[in-house]
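Survey of secondary and tertiary structure
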Amino acid sequence: MAYKAVRIERGRGGWGGPLTIRPTDEKNLIYCVTGGGIHPVAQAIADATGGQVFDGFRSAAPEKKIACVVIDCGGTARIGVYPMKRIPTIDVKASSPSGPLVQFIKEDIFVSGVKPENIKVIE
Amino acid sequence: MSMGKPAPSHPQSEAAGASEVSLATATVLTVLYEARVEEIGPMVPELLEAGILIFFGKQAPPELREIAIVHDGVTLVAPLAPQDIIQLGDARYTVTGVGEVASANFSQLGHIVIKANGAIEVELPGEVSVEAGALHLPEIGFNLLVLRPGQAETTSEASSIASPLPEALDQSPAESLSITPTPPQHHLRRSLWAFLSAWRNLKRRATPSG
């Protein structure tokens with residue numbers, strides 16, 4: 001399957017990035033762990049790239065299949081866990097690095113304040 | 001994974017909680033949330049040393065379970081508020097501050113982050129601060145409760161004294177520990193506020209520090 005790459009930039013008040021996300025056959029999941037189901041930003045990334053959006057609170061997925069993760073973290077738990085695992089992390093809230101795992105949150109792996117307009121297809 | 005003995009900040013036991021008698025007036029604790037802990041992630045002790053406890057409900061994926069205490073709670077009856085009591089096993093902690101997304105996270109995902117820093121203005125929007133001091137982690141199987149102190153006239157409908165619930169919260173009625181008629185709401189709010197202030201002052205005098 002042909003996937004497209006997107007460039008995800010920080011939104012207003014956000015931090016980090018930009019991230020380039022291109023799913024592959026092995027890593028094709030746009031993994032969403034926000035409250036309330038699939039977030040529009042996760043859906044927008046999936047629509048733009050051809051990746052498959054996936055709700056991490058409804059069922060399990062192997063980490064190795066995850067292309068990127070979308071969170072809406074209030075600043076302590078999710079914001080650190082995924083950068084710690086070096087999974088590209090997109091936070092829809094305008095969070096800055098914080099919490100006990102703060103040392104893992106780097107600009108090349110984390111971007112925040114993201115809205116759908118911050119997602120641009122590149123080739 | 002024993003974290004040592006809990007130092008009860010309140011000597012009352014959970015079993016006696018049908019109604020609790022304060023030093024000044026009769027009080028009732030309304031249960032806003034009740035859960036049993038099923039799993040404690042391997043990173044929890046490290047976070048405990050940093051004064052933080054992270055909780056998630058059973059639907060949490062494996063990577064979040066590593067850093068969290070996983071429980072079977074489902075329903076939050078009313079948004080969290082200062083002066084609510086968080087009970088972990090036998091130890092009780094009084095809430096001092098509630099982040100703006102904390103109640104929604106707790107209701108939707110069973111996710112709550114507790115920091116024992118006594119903050120009234122929390123540092124991060126997902127946090128709930130409790131009075132400063134040590135947090136203690138009992139063994140797996142302990143109960144997680146959120147309790148709201150109120151006057152003896154408080155009704156079984158906790159939502160009658162709570163602010164309107166966000167859409168995500170379950171509207172089921174509180175498991176109150178006493179059932180009495182509802183007084184007029186404005187009298188209830190005024191007397192509840194007066195009681196909470198008095199109760200807080202009494203508790204400060206009666207409770208040992210730490």
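Here's what I pulled together on the structure shown here. What you are looking at is a predicted structure, and each value in this text was computed from that prediction instead of being measured.

About the cut-offs
- Residues numbered from 1 in each chain as written.
- Chains lettered and ligands numbered in written order.
- Predicted model: local features only at pLDDT ≥ 70, side-chain atom pairs only at ≥ 80, totals over all residues.
- Heavy atoms only, no water.
- Helix = DSSP H or I, 4+ residues; strand = E, 2+ residues; numbered from the N terminus.
- Buried < 20%, exposed > 50% of the residue type's maximum accessible area, 1.4 Å probe, protein only.
- Contact = heavy atoms within 4.5 Å.
- Rg over C-alpha atoms; globule rule 2.2 N^0.38 Å.
- Areas by Shrake-Rupley, 256 points an atom, 1.4 Å probe, with all protein chains shown as cover.
- Lys, Arg positive; Asp, Glu negative; His and termini not counted.
- Charge placed at Lys NZ, Arg CZ, Asp CG, Glu CD.
- Core = buried A, V, L, I, M, F, W, Y, C linked by side-chain atoms within 4.5 Å.
- Pairing = 2+ DSSP bridges.
- Axes fitted to C-alpha atoms, helices over the stretch in contact; angles between N-to-C directions.
- Buried area = accessible area lost by both parts, 1.4 Å probe.
- Salt bridge = Lys/Arg side-chain N within 4 Å of Asp/Glu carboxyl O.
- Polar contact = N/O pair within 3.5 Å; in protein donor to acceptor, adjacent residues only side chain to side chain.
- Nonpolar A, V, L, I, M, F, W, Y, C, P; charged D, E, K, R; others polar.

1. With respect to the overall build of chain B
Regarding its fold elements, chain B presents four helices and nine strands. Along chain B, helices and strands appear, N-terminal first, in the series β-β-α-β-α-β-β-β-α-β-β-β-α. The buried share of chain B, reckoned over its 210 residues, is 53%. When contacts within chain B are restricted to residue pairs at least 6 apart in sequence, those whose partners lie at least 24 apart make up 76%.

2. Here's the deal with the overall build of chain A
Secondary structure assignment for chain A yields two helices and eight strands. If you list the helices and strands of chain A from N to C, you get β-β-β-α-β-β-α-β-β-β. Computed over its C-alpha atoms, the radius of gyration of chain A comes to 13 Å, within 12% of the 14 Å expected for a compact globule of 123 residues. Each principal axis of the C-alpha distribution contributes one length, and for chain A these read about 40 × 30 × 25 Å. Every one of the 123 residues in chain A was classed for burial, and the buried ones make up 55%. Surface accessibility of chain A: about 5200 Å² in total, with carbon and sulfur atoms responsible for 50%. In chain A, which carries 16 positive and 12 negative side-chain charges, the distance between the mean positions of the two groups comes to 2 Å.

3. Looking at the nonpolar core
Within the largest apolar cluster, 31 residues are counted, with the highest numbers of intra-cluster contacts made by Leu53 and Ile86 of chain B. Here the element with the most residues in this core is strand 2 (residues 26-40) of chain B; it accounts for five residues. In this structure, Leu101 of chain A together with Phe56, Ala60 and Ala68 of chain B belong to the second largest nonpolar core, which totals 30 residues.

4. What about the sheet that holds strand 3 (residues 29-33) of chain A?
All names here are of chain A. With parallel pairing, the five strands of this open sheet are ordered in space as 4-3-5-6-7. For this open sheet the edge positions go to strand 4 (52-55) and strand 7 (110-112), each flanked by a neighbour on one side alone. Averaged over all neighbouring strand pairs, the angle between strand axes comes to 20°, with direction disregarded. Together, strand 3, strand 4, strand 5 (66-71) and strand 6 (89-91) form the strand contacts of helix 1 (residues 40-49), whose direction differs from that of strand 3 by roughly 175°.

5. Some thoughts on the pairing of strand 8 (residues 127-130) of chain B
Residues and elements named next belong to chain B. Because side chains alternate across strand 8, one face comprises the buried residues Glu127 and Ser129, and the other comprises Val128 and Val130, equally buried. The pairing of strand 6 (residues 91-98) with strand 8 spans three bridges and is classified as antiparallel. Across the sheet, glycine 97 pairs through a bridge with serine 129, a residue of strand 8. Bridge count between strand 7 (residues 112-115) and strand 8: three bridges; the pairing is parallel. Bridging across to strand 8, lysine 115 finds its partner in serine 129.

6. Digging into the pairing of strand 1 (residues 5-8) of chain A
Residues and elements named next belong to chain A. One ladder, built from four bridges, connects strand 1 with strand 8 (residues 119-122); its direction is antiparallel. Bridging across to strand 8, arginine 7 finds its partner in lysine 120. Across three bridges, the pairing between strand 1 and strand 2 (residues 19-21) is antiparallel. Bridge pairing in strand 2 links isoleucine 8 to leucine 19.

7. With respect to the interface of chain A and chain B
If you look at the interface, chain A gives 22 residues, while chain B gives 22 residues. For the pair chain A and chain B, the summed buried surface comes to about 1600 Å²; carbon and sulfur atoms form 71% of the total. Remark: the boundary between chain A and chain B carries one salt bridge. If you look at where chain A meets chain B, you find three residue pairs in polar contact (both at pLDDT 80 or more). Secondary-structure elements contributing two or more residues to the side of chain A that touches chain B are strand 3 and helix 2 (78-84) of chain A. Considering each element in turn, the side of chain A that touches chain B owes the most residues, four residues, to helix 2 of chain A. Among the residues making up the side of chain A that touches chain B, the classes are represented as nine nonpolar, nine polar and four charged.

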